Amino acid sequence: MGELGLPDLDATSDRPVFKQIADHLRAAIDSKELGPGEKLPSESQLIGHYDVARMTVRHALQILQSEGLTVAEHGKGVFVRSRPPVRRLASDRFARHHREQGKAAFIAEAEDAGVKPSVDSIEIQESKPAPEVAAKLNLAEDELVIVRARRYLLNGHPVETATSYIPASIARGSQITQPNSGPGGIYARLEELGHRLDHFTEEIRARMPLRDEARALKLAPGVPVFHLVRTAYDQDGCPVEVCDTVMSSDAYVLSYELPAR
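Residues numbered from 1 in each chain as written. Predicted model: local features only at pLDDT ≥ 70, side-chain atom pairs only at ≥ 80, totals over all residues. Heavy atoms only, no water.

(A) The arrangement of helix 5 (residues 105-113) in detail. Regarding helix 5, the residues found buried are Ala105, Phe106, Ala108, Glu109 and Ala110. A positive phi of about 75° marks glycine 114, the residue just after helix 5. (Buried < 20%, exposed > 50% of the residue type's maximum accessible area, 1.4 Å probe, protein only. Helix = DSSP H or I, 4+ residues; strand = E, 2+ residues; numbered from the N terminus.)

Below, the structure is given as structure tokens:
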């Protein structure tokens, strides 16, 4: 170990030098020797420690960035990326008591995590849904939906985009069509309109972001997203909303409580 607290290179290993350096830095991040937000040793420090060329060090740092472990800030250095601040509790996030307190799920989760929630880029329109959305909502071919697209932020940083599709026959003329949907969000409004919610289904997959998604969420290279599609049902078993959500994977921990019966 040198003064940086990093191991020396293994001259007998057939693993390329830049990958060994990346391994050492990754281990320091995994062990919390380098914690979230901490600055990695500079290129010059790493060059001095390992006695290697600058490009070797840069290749090592690029590996960590491509894995989503670090982020480079121009003129400042390379830093360990912050870990997920919000625990998304599937068993509680849509509980009625949140709506009765005037809180949408995102706001309740953010407050529990001690971070400041906000919403921007709100767009609302009435349009014909894509076939897969229409099928989930059991809509006829000529039926329209109210589309609510928005972006969610934590402490001013974008972490999620969501687009809701609600049958226009339900939402037209209601506060759901306004930028501010009111206390408790659109689920509170749906219940006020007589559609008391009963349950939700969710389909989740992890993937790399599309270009527009990476731009909207300001994602660093190598950071995947959760793509979640949720359908809300009322007590009559009628689907009343489909929500298509793209979430930055480094902003959330998805937590589920499942019965063992």
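(B) View of the pattern of salt bridges. In this structure the tally under the stated criterion is 14 salt bridges. The partner of aspartate 250 in a salt bridge is arginine 81, with the nearest N and O atoms 2.1 Å apart. Here arginine 81 lies in the loop between strand 2 (77-80) and strand 3 (86-89) and aspartate 250 lies in the loop between strand 9 (239-248) and strand 10 (252-255), a separation of 169 residues in the sequence. Taken as a pair, aspartate 250 and arginine 81 share a single burial class, namely buried. A salt bridge links arginine 151 to aspartate 120, with the nearest nitrogen and oxygen atoms 2.8 Å apart. Here arginine 151, found in strand 5 (residues 145-154), pairs with aspartate 120, found in strand 4 (residues 117-127); they are 31 residues apart in sequence, far enough to count as distant. (Salt bridge = Lys/Arg side-chain N within 4 Å of Asp/Glu carboxyl O.)

(C) Structural context of the pairing of strand 5. A large share of strand 5 lies buried, amounting to nine of its ten residues. When strand 4 meets strand 5, the two strands line up antiparallel, connected through nine bridges. By the bridge assignment, proline 117 is partnered in strand 5 with leucine 154. Where strand 5 lies against strand 6 (residues 157-167), ten bridges are found, and the strand directions are antiparallel. Looking across to strand 6, one finds that isoleucine 146 is bridged to isoleucine 166. Connecting strand 5 to the next strand, strand 6, in antiparallel fashion are two residues, including asparagine 155 with a positive phi near 50°. (Pairing = 2+ DSSP bridges.)

Scope: geometric values only; no functional claims are made or implied.
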